[in-house]
Structures are given as C-alpha cells and as structure tokens.
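What follows is each chain in one-letter form.
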Amino acid sequence: MTEMPHAMSQATHRKFWSPALASWAARDLMRQPAFTLVLFVALAAVTALAALVLLLQQTLATASTRLLEQAPHVVVRRVGAGGWLPLDAKAARTRAVSVVGVLRPRARMWGVVSGPQGAVTLMAVDGRDDINLPSGCSLPQPGQALAGPGVSGDERPDHISLNGSVSRELTVIGRLPRSAGSVVHDLVVAHAEDVRALLGLGPGQASDLALDVFHPDEAGALLPELAAALDWPVQITTRQEQLGRHLAHISRATGMACLGIGPLLLAILSVVVAVGIWGRRNWETGVLRAVGWTGADMLRLHLYRGLLVGLPAMAIGTLTAHLLLFWPGMTWVPQLLFGWSGPPPGFYLSSTGSAGAWLLSMVMVGVPFMAAVFWTGWRAAGADPGDILEGGR
Amino acid sequence: MEKSMRRARLLVWIAVMLPLVTIMTLTADRYLRAGRQDRAALRWMAALDFPSPAFWPAGTFQRHPQFLPPAVDVRMSPLFDWDRDGRLVHPSPR
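Residues numbered from 1 in each chain as written. Chains lettered and ligands numbered in written order. Predicted model: local features only at pLDDT ≥ 70, side-chain atom pairs only at ≥ 80, totals over all residues. Heavy atoms only, no water.

**Observations concerning the overall build of chain B**
When you go through chain B residue by residue, the secondary structure sums to 2 helices and 0 strands. A burial count over chain B gives 49% of its 94 residues as buried. A sequence separation of at least 24 residues applies to 20% of the contacts in chain B between residues at least 6 apart. Surface accessibility of chain B: about 5100 Å² in total, with carbon and sulfur atoms responsible for 62%. (Helix = DSSP H or I, 4+ residues; strand = E, 2+ residues; numbered from the N terminus. Buried < 20%, exposed > 50% of the residue type's maximum accessible area, 1.4 Å probe, protein only. Contact = heavy atoms within 4.5 Å. Areas by Shrake-Rupley, 256 points an atom, 1.4 Å probe, with all protein chains shown as cover.)

Printed below as a string of structure tokens:
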C-alpha cells in the first residue's frame with residue numbers, strides 16, 4: 001500500500017486523468033459500498049427530481065401549444081346575463097363570413113353531459129362541413145356513438161347512457177384511439193340529432209361558432225368587426241387567449257407539484273450529509289499524506305471518487321426522468337396533477353425541446369456536488385498529516 | 001489484490017461508459033420519437049375542431065374556461081354554477 005500511491009504520484013502528477021489513480025479511487029469506493037450506494041441513489045434521485053421539475057411544465061406547455069395549434073383561430077359564443085347561450089347556426093355563419101378576413105366559419109355542437117362514470121364531453125360531427133375522422137372511423141348515425149378510451153358502459157360495454165336535457169342510450173360503434181388520449185379520453189362523438197337532444201339545443205341552433213382568419217397573428221384586430229356583425233352579445237376568444245388560459249392552469253398545477261418536491265429534496269440531502277459525516281475518514285488522509293501522497297494526488301483522488309459516483313448517477317437520474325415523462329401512455333401526471341378521479345388519460349408527450357432541461361438538471365446537481373467534492377479534496381490536500389494523525393488518536 | 005483491482009477497473013469503465021450510453025440512448029429516443037408520439041392526438045384535435053385538450057376531466061373550469069360567465073375572473077365561485085369539486089352544475093349552453 002505504501003509503494004503504490006507514491007509510484008502513482010511520481011508517474012501521474014502532470015496529467016489530470018490517471019487510470020491507476022482512477023482504479024485506486026474506484027477501489028476506495030468499493031471499500032464503502034453502503035456509503036457509495038446511498039450517495040449514488042441520492043444523486044440519481046435529486047437529478048431525476050430536478051429534471052422532472054424542469055421538464056414537467058415545459059413539456060405540458062409544449063403539448064398544449066402543439067394541440068391548440070390545431071384548434072380554430074377564433075371561437076364566437078353567444079352570451080347573455082346567465083352566461084353561455086346557443087346561437088342560430090345559419091345566421092351566425094352568414095354574418096361571420098361577411099367580415100373580411102374570416103375563413104371557414106363552422107357551427108359546432110358540443111357540451112358536457114353526465115356519462116356512466118362522470119362527466120363526458122359530447123360532440124356532434126354530422127352537422128359540420130367536410131368532416132373526415134382519422135383512423136378510418138365511420139361517422140355515427142342516430143343512436144350511435146364513438147366513445148373515448150375513458151368512457152365505458154355501466155352494464156353493457158357496447159352501450160352508454162348519457163344524461164343531459166334528456167337521457168339517451170347510444171350504441172358504441174367504435175372506440176377512439178388510446179394514443180390520442182390527451183384529446184379524446186372522455187369524449188363521446190355522436191350524431192347531431194342525439195347531441196342536440198342531449199344538450200337541449202333547438203332546431204338550427206349550435207353551441208358556438210368556430211372560424212379561421214386570414215392572418216392568425218392579427219386575429220385580435222378582427223374582433224370588434226366580428227362582434228359588430230353579429231346580432232347578439234358575444235364573447236370572442238382567440239386561440240392565443242385560450243392557450244394563455246391553458247398555460248396558466250398548467251403552471252399553477254405544476255407549480256404546486258414542484259413545491260411538494262422541495263421537502264423531498266431536503267430529506268435526500270439530509271441523508272447524504274448524514275452518511276457523509278458518518279463515513280468521514282480523516283485518519284486515512286493522514287496516512288496517505290504521511291506515505292508520500294502529494295496534495296494534488298489527494299485532490300485528484302477526491303475528484304475521481306466524486307466523478308465515478310456522480311456521472312453515472314446523474315445519467316441514471318436523467319434517464320429515469322425521461323422515461324417517467326415520455327413513456328408512451330404515461331398516466332401519473334394526469335392522475336396526480338389534473339385531478340382525475342376515474343381512469344386517467346394516457347399521455348403521449350413529445351420530447352421536443354427537452355435536451356436543455358436534461359443539461360440544466362445535470363448542471364444544477366453536478367456543479368454543487370462537484371464543488372463540495374472539490375472543497376473536501378482541497379482541505380485534504382492542504383492538511384498537515386501530523387495534525388490529522390494526532391487528532392485521529 | 002489483483003481481483004479487487006480488476007473489479008475497480010471494471011467500475012471505472014462502467015462509470016465512464018454508462019453516461020455515454022445514456023446520452024446516446026436519450027438522443028436516439030428524441031430523434032426517433034420527438035414530434036411523432038402525439039400525432040394521433042393532433043389529428044383528432046384538428047379533425048374535430050376540438051375545444052380544448054383532455055388534460056383535465058370534462059366539466060372542470062380548467063378544461064372549459066369558456067364556460068365561465070364573461071364578467072367573472074377565472075376562479076371558482078359558489079354563485080356561478082360551480083359545485084364544490086370545481087365542476088359545472090349546468091355545463092351546456094342554455
């Protein structure tokens with residue numbers, strides 16, 4: 001033991017990386033497997049939590065933005081003193097199209113009704129122009145419905161009863177795909193006749209009017225003209241406004257979750273500090289210094305030990321966070337953050353833009369950790385071996 | 001001694017290779033899946049002119065902020081048709 005470190009110090013003092021010293025550091029870690037394992041798990045957990053905190057809000061915001069980019073540019077709702085009112089579909093379309101810059105006005109029939117296991121979103125597809133359902137789904141006829149993966153019948157699986165203004169039992173002719181769960185999870189698509197009856201809409205009435213505009217960025221400029229063209233008081237919402245509301249709700253939900261992670265981080269850090277104090281070995285430092293290790297060798301030994309544990313732990317932590325968030329059909333986020341009491345939707349989130357969060361989480365954990373390792377190594381490098389050995393007696 | 005040094009060298013090799021393999025895996029996964037995983041959801045959103053994504057359950061004010069009366073801020077109020085769970089009592093146009 002006395003010759004090897006001395007020889008190493010002679011051979012490696014010019015280069016930072018020394019395979020022999022790295023192996024020595026690895027063997028040093030293996031002598032304390034419990035301490036090494038706790039440090040590894042704690043670092044991986046802290047990195048995973050930091051990555052989740054950074055990725056969660058950004059990923060959900062990206063998902064919302066991507067989804068709402070497919071939504072109509074502007075939605076017009078008729079409102080009265082009591083709130084939202086049905087509008088006359090034909091009159092609304094005619095008035096809206098008279099405004100220069102308005103494209104493709106289409107009256108939508110949709111609302112929320114009670115399903116077998118809670119509220120469901122009900123949508124009509126027949127009354128609208130050029131509807132073309134993906135996945136080869138056929139349009140439902142009167143008495144039929146397409147049901148989302150989260151809507152199930154109470155007694156017969158191919159029938160669902162819905163309760164709105166009236167009660168209707170519809171035959172499920174197809175299931176909406178699970179991979180589109182973040183849109184269609186609790187959706188029932190039905191024929192306009194059934195939707196109208198369930199929502200209590202009169203003949204020719206619609207829930208609202210969706211339309212596109214020639215320049216989406218300038219949709220706000222059209223709103224006064226659009227409001228003036230219609231005969232009733234209306235509430236007009238642009239896609240940007242809707243996205244802003246959606247992002248605000250997401251920020252609130254993820255912010256609360258991140259606050260909850262704080263105590264967990266503190267607990268992990270406390271464990272690491274406690275284990276570190278318990279495993280401190282000043283006496284060995286004194287011995288190594290006494291047999292000829294230089295201060296630089298001591299510093300490098302500490303840095304190697306930190307890197308050998310820290311790099312793989314941070315990699316595993318980042319990988320864990322990535323898998324937790326982007327695993328196909330992931331359900332823990334809607335379950336924990338968005339208050340689903342029934343089966344939550346499976347999210348298929350896009351990992352676009354996640355690389356920055358990976359790097360940032362590794363920096364946030366890695367820099368303080370390596371700074372602590374460096375500080376410990378620096379103290380070991382500058383310590384007097386005689387004092388340490390005297391103190392260790 | 002020799003055996004423990006062999007294990008130590010293996011540990012060093014794993015500590016160097018594991019981050020590299022992880023970074024390559026994450027990069028490959030991003031390259032292969034980013035922008036593709038949510039295609040089905042995007043297609044259905046566009047096809048149905050859907051009002052809002054199903055992040056929150058149907059009937060909650062987060063899912064349908066448009067249900068709120070226009071003069072009211074986005075918050076729950078017992079005076080405006082919301083039950084204790086944040087769901088609308090009469091969620092359809094009347």
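**Focus: the pairing of strand 4 (residues 102-108) of chain A**
All names here are of chain A. Across the 7 residues that make up strand 4, a large majority, 5, are buried. Looking at chain direction, strand 4 and strand 12 (residues 208-213) are connected through 5 bridges and run antiparallel. Its bridge partner being in strand 12, Arg-108 is matched across the sheet by Asp-208. (Pairing = 2+ DSSP bridges.)

**As for the domain arrangement of chain A**
Residues and elements named next belong to chain A. According to the domain assignment, chain A consists of domain 1 (15-66 + 245-391) and domain 2 (110-200). One C-alpha centre belongs to domain 1, the other to domain 2, and the line joining them spans 47 Å. Both faces considered, domain 1 and domain 2 share a buried interface measuring about 500 Å² in area, 64% of it formed by carbon and sulfur atoms. One can count 0 salt bridges joining domain 1 with domain 2. (Domains from an automatic or database assignment. Buried area = accessible area lost by both parts, 1.4 Å probe. Salt bridge = Lys/Arg side-chain N within 4 Å of Asp/Glu carboxyl O.)

**Quick notes on the interface of chain A and chain B**
Counting from both sides, the interface comprises 85 residues of chain A and, opposite them, 56 residues of chain B. Put simply, chain A and chain B have 3 salt bridges between them. At the surface where chain A touches chain B, the tally comes to 15 residue pairs in polar contact (both at pLDDT 80 or more). In terms of residues, the side of chain A that touches chain B owes the most to one element, helix 10 (residues 295-326) of chain A, which gives 9 residues. A breakdown of the residues in the side of chain A that touches chain B according to their chemical character gives 51 nonpolar, 26 polar and 8 charged. (Polar contact = N/O pair within 3.5 Å; in protein donor to acceptor, adjacent residues only side chain to side chain. Nonpolar A, V, L, I, M, F, W, Y, C, P; charged D, E, K, R; others polar.)

**Things to note about empty space enclosed by the protein**
Per the stated rule, a full pass over the model turns up 1 cavity of 30 Å³ or more. If you add up the space inside the largest cavity, you get close to 40 Å³. Forming the boundary of the largest cavity are Ala63(A), Leu67(A), Ser182(A), Tyr348(A), Leu349(A) and Asp38(B). When its residues are assigned to classes, the lining of the largest cavity shows 4 nonpolar, 1 polar and 1 charged. (1 Å grid on protein atoms, 1.4 Å probe; cavity = no way out; pocket = protein on both sides within 12 Å on 5 of 7 lines; lining within 4 Å. Points joined across faces, edges and corners; volume = space filled by probe spheres on them.)

**A closer look at helix 10 of chain A**
Between the first and last C-alpha of helix 10 of chain A there are 46 Å, a value that for 32 residues agrees with the 46 Å anticipated at 1.5 Å per step. For helix 10 of chain A, the buried fraction is high: 24 of the 32 residues fall into the buried class. (Expected span 1.5 Å × (residues − 1).)

**With respect to the packing of helix 3 (residues 33-68) of chain A against helix 12 (residues 355-382) of chain A**
Residues and elements named next belong to chain A. Direction vectors running N to C along helix 3 and helix 12 enclose 140 degrees, while the axes themselves pass 8 Å from each other. As helix 3 packs across helix 12, the resulting crossing turns out to be right-handed. Mapping the contact onto sequence places Leu-39, Leu-43, Val-46, Thr-47, Ala-50, Ala-51, Leu-54, Leu-55 and Gln-58 in helix 3 and Ala-357, Trp-358, Leu-360, Ser-361, Met-362, Met-364, Val-365 and Phe-369 in helix 12. (Axes fitted to C-alpha atoms, helices over the stretch in contact; angles between N-to-C directions. Left-handed = near helix turned anticlockwise from the far one by under 90°.)

**Observations concerning the nonpolar core**
Among the nonpolar cores identified, the biggest contains 48 residues, and Leu60(A), Phe338(A), Trp44(B), Leu48(B) and Phe55(B) are the most heavily contacted of them. Going through the elements one at a time, helix 3, helix 5 (181-184), strand 10 (187-190), helix 8 (239-278), helix 10, helix 11 (332-337) and helix 12 of chain A together with helix 2 (39-48) of chain B are the ones with two or more residues in this core. Here this core takes 8 residues from helix 3 of chain A, the largest share from any one element. There are two domains that each give this core at least three residues, and those are domain 1 (15-66 + 245-391) and domain 2 (110-200) of chain A. Among all residues touching Leu60(A), those that are not within four sequence positions of it are Ile250(A), Thr254(A), Val333(A), Leu337(A), Phe338(A), Phe347(A), Leu349(A) and Phe55(B). Counting residues in each nonpolar core, the second largest holds 41 residues, with Val76(A), Ala92(A), Val188(A) and Ala219(A) among its members. (Core = buried A, V, L, I, M, F, W, Y, C linked by side-chain atoms within 4.5 Å.)

**Some details on a nonpolar patch on the surface**
Judged by side-chain polarity, Phe16(A), Trp17(A), Val16(B), Leu20(B), Val21(B) and Met24(B) come together as a nonpolar surface patch covering roughly 580 Å² of accessible area. Within the secondary structure, Phe16(A) is located in the loop between helix 1 (3-12) and helix 2 (19-30). We classify Phe16(A) as partly exposed; its relative accessible area is 44%. (Patch = residues over 30% accessible without salt bridge, like charges linked within 9 Å, V, L, I, M, F, W, Y side chains within 5 Å.)

**What about unusual backbone geometry?**
Trans peptide bonds make up the majority, and among non-glycine residues the majority have a negative phi. Of note, Arg104(A) is a non-glycine position whose phi angle comes to about 45 degrees, a positive value. The topology assignment puts Arg104(A) in strand 4. Judged by its relative accessible area of 46%, Arg104(A) is partly exposed. A positive phi angle, close to 55 degrees, is found at Asp49(B), a residue other than glycine.

**Let's talk about the packing of aromatic side chains**
Using the criterion set out here, one finds 7 aromatic pairs over all chains in the structure. Between the aromatic rings of Phe347(A) and Phe55(B), the centroid separation amounts to 5.0 Å while the plane-to-plane angle is 40 degrees, which identifies the pairing as tilted. Pair noted here: Phe347(A) is in the loop between helix 11 and helix 12 and Phe55(B) is in the segment after helix 2, and the two residues belong to different chains. In terms of burial, Phe347(A) and Phe55(B) fall into one category: buried. Over the face of the ring belonging to Trp358(A) we find Arg30(B), whose NZ or CZ atom lies 5.9 Å from the ring centre. (Phe/Tyr/Trp six-rings, centres within 6.5 Å; stacked < 30°, edge-to-face > 60°. Lys NZ or Arg CZ within 6 Å of the ring centre and 35° of its normal.)

**Thoughts on the pairing of strand 1 (residues 74-80) of chain A**
Residues and elements named next belong to chain A. Burial runs high along strand 1: 5 of the 7 residues are buried. Taken together, the 3 bridges between strand 1 and strand 12 define a ladder with antiparallel strand orientation. Following the sheet pairing, Val-74 is matched in strand 12 by Leu-211. Direction of pairing for strand 1 relative to strand 13 (residues 234-238): antiparallel, over a ladder of 5 bridges. Considered in strand 13, the bridge of Val-74 is made with Thr-238. Relative to strand 2 (residues 83-85), strand 1 runs antiparallel, the two being bridged by 3 bridges. Across the sheet, the residue bridging to Val-79 is Trp-84, located in strand 2.

**Structural notes on the confidence of the model for chain A**
Residue and element names in this part refer to chain A. On average, chain A scores 84 in pLDDT, and the residues at 70 or more come to 92%. Looking at the elements of chain A, mean pLDDT is at its lowest for helix 1, recorded as 48, and at its highest for strand 10, recorded as 93. Segment residues 1-7 is flagged for pLDDT under 50; beyond a separation of four residues in sequence, or across chains, it makes 11 contacts in the model. (pLDDT = per-residue confidence, 0-100.)

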